[in-house]
Amino acid sequence: IYAKSENGGYRLTDDGHTIRDLELSGVALDSPKRKNLFDIAVKGFAVEAAGDVLSVRTTQENFAIRKHALIQSILSVNDLFYTASATVRSLFREDVEAWMRLADIRFLTNVPFIGKTGYAHHFDFAIPQFKGEPERIVKTMNNPNNDSAKSLIFSWLDTREARPSESVAIAMLNDNERAVSSAVIEAMKHYQIEPVLWSQREESLKRLAA
């Protein structure tokens, strides 16, 4: 991340590295699906995209919060690497949403929550409390690994204290192409995040549909 003075504040930027890295990896933002995901990853965090550069405008007072937003946006855009046709056959988040709709699960999409630190954290779905089941906050992971698990754990720990005490975090993990590491699963469980393997999603249907 680069920072430069601008009108009494700062401009934080990735200097175009994120998008150029995607393009060098063979992932062009030229399909409607990828463009839509890119818009969510950028606009959801109030990040500006000019050409191939991602940036935010900040003041000294909100520097940490805006830097956090830029980092989260960069991570989300970088995840588009896993939408390459050679890596996955379809977009995992769309698969999860289609399955939830087919199962008549009531949910909100692309839900932002402000955590205890003041940082905004975006989750893919939120299922409201209903008939004894608590609020369920869902994050999809197309490529579950240590980095994505750490990011989710931080988001949940920060968000949990600002949500009702009975709220539950659920991670939908794509195991279509490869097995999910037991270390990733155990780390989530340790922080009270319920991991659901995509291959075993039907086992969690009753809990989600309530």
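Thresholds, definitions, all that
- Residues numbered from 1 in each chain as written.
- Predicted model: local features only at pLDDT ≥ 70, side-chain atom pairs only at ≥ 80, totals over all residues.
- Heavy atoms only, no water.
- Helix = DSSP H or I, 4+ residues; strand = E, 2+ residues; numbered from the N terminus.
- Contact = heavy atoms within 4.5 Å.
- Pairing = 2+ DSSP bridges.
- Axes fitted to C-alpha atoms, helices over the stretch in contact; angles between N-to-C directions.
- Buried < 20%, exposed > 50% of the residue type's maximum accessible area, 1.4 Å probe, protein only.
- Salt bridge = Lys/Arg side-chain N within 4 Å of Asp/Glu carboxyl O.

Inspection of the secondary structure assignment puts Pro144 in the loop between strand 7 (136-141) and helix 5 (146-160). Along the sequence, Pro144 and Thr13 sit 131 residues apart, while their C-alpha atoms lie 27 Å from each other. Setting aside residues up to four positions removed in sequence, Pro144 forms contacts with Leu173, Asn174, Val180 and Val184.

A few words now on the sheet that holds strand 5 (residues 108-114). The strand order across the open sheet formed by five strands is 5-6-7-8-9, and the pairing between neighbours is mixed. Since the sheet does not close on itself, it has two edges, and those belong to strand 5 and strand 9 (193-197), each with one partner. Pairwise comparison of adjacent strand axes, ignoring direction, gives a mean angle of 40 degrees for this sheet. Relative to strand 6 (residues 120-127), helix 5 is tilted by about 85 degrees, and along the sheet it contacts strand 5, strand 6, strand 7, strand 8 (168-173) and strand 9.

This part covers the pairing of strand 6. Taken across its eight residues, strand 6 has seven buried, putting it largely inside the fold. When strand 5 meets strand 6, the two strands line up antiparallel, connected through six bridges. Within the sheet, the bridge partner assigned to Val111 lies in strand 6 and is Phe123. Joining the antiparallel neighbours strand 5 and strand 6 is a turn of five residues, in which Gly118 adopts a positive phi near 95 degrees. Pairing of strand 6 with strand 7, which is carried by three bridges, proceeds in the antiparallel orientation.

Looking now at the sheet that holds strand 2 (residues 9-13). Pairing within the open sheet is antiparallel, and its four strands lie in the order 1-2-4-3. A single partner strand is all that each edge strand has here, and the edge strands are strand 1 (2-6) and strand 3 (48-50). Direction aside, the axes of adjacent strands within the sheet are offset by 30 degrees on average. Across three bridges, strand 3 lies against strand 4 (residues 53-58) in antiparallel orientation. Across the sheet, the residue bridging to Glu48 is Ser55, located in strand 4. Where helix 3 (residues 63-78) meets the sheet, it contacts strand 2 and strand 4, and its direction lies at approximately 165 degrees from that of strand 4.

The next point concerns the pattern of salt bridges. What the rule picks out here adds up to twelve salt bridges. A salt bridge links Glu48 to Arg11; its shortest N-O distance comes to 3.2 Å. Highlighted residues: Glu48 in strand 3 and Arg11 in strand 2, separated in sequence by 37 residues. Judged by its relative accessible area of 15%, Arg11 is buried. A salt bridge links Glu194 to Arg207; its shortest N-O distance comes to 2.9 Å. Residue Glu194 is located in strand 9, and its partner Arg207 is located in helix 7 (residues 205-209); the two are separated by 13 residues in the primary sequence. One continuous salt-bridge network, built from bridges that share partners, spans Glu6, Arg11, Glu48 and Arg57.

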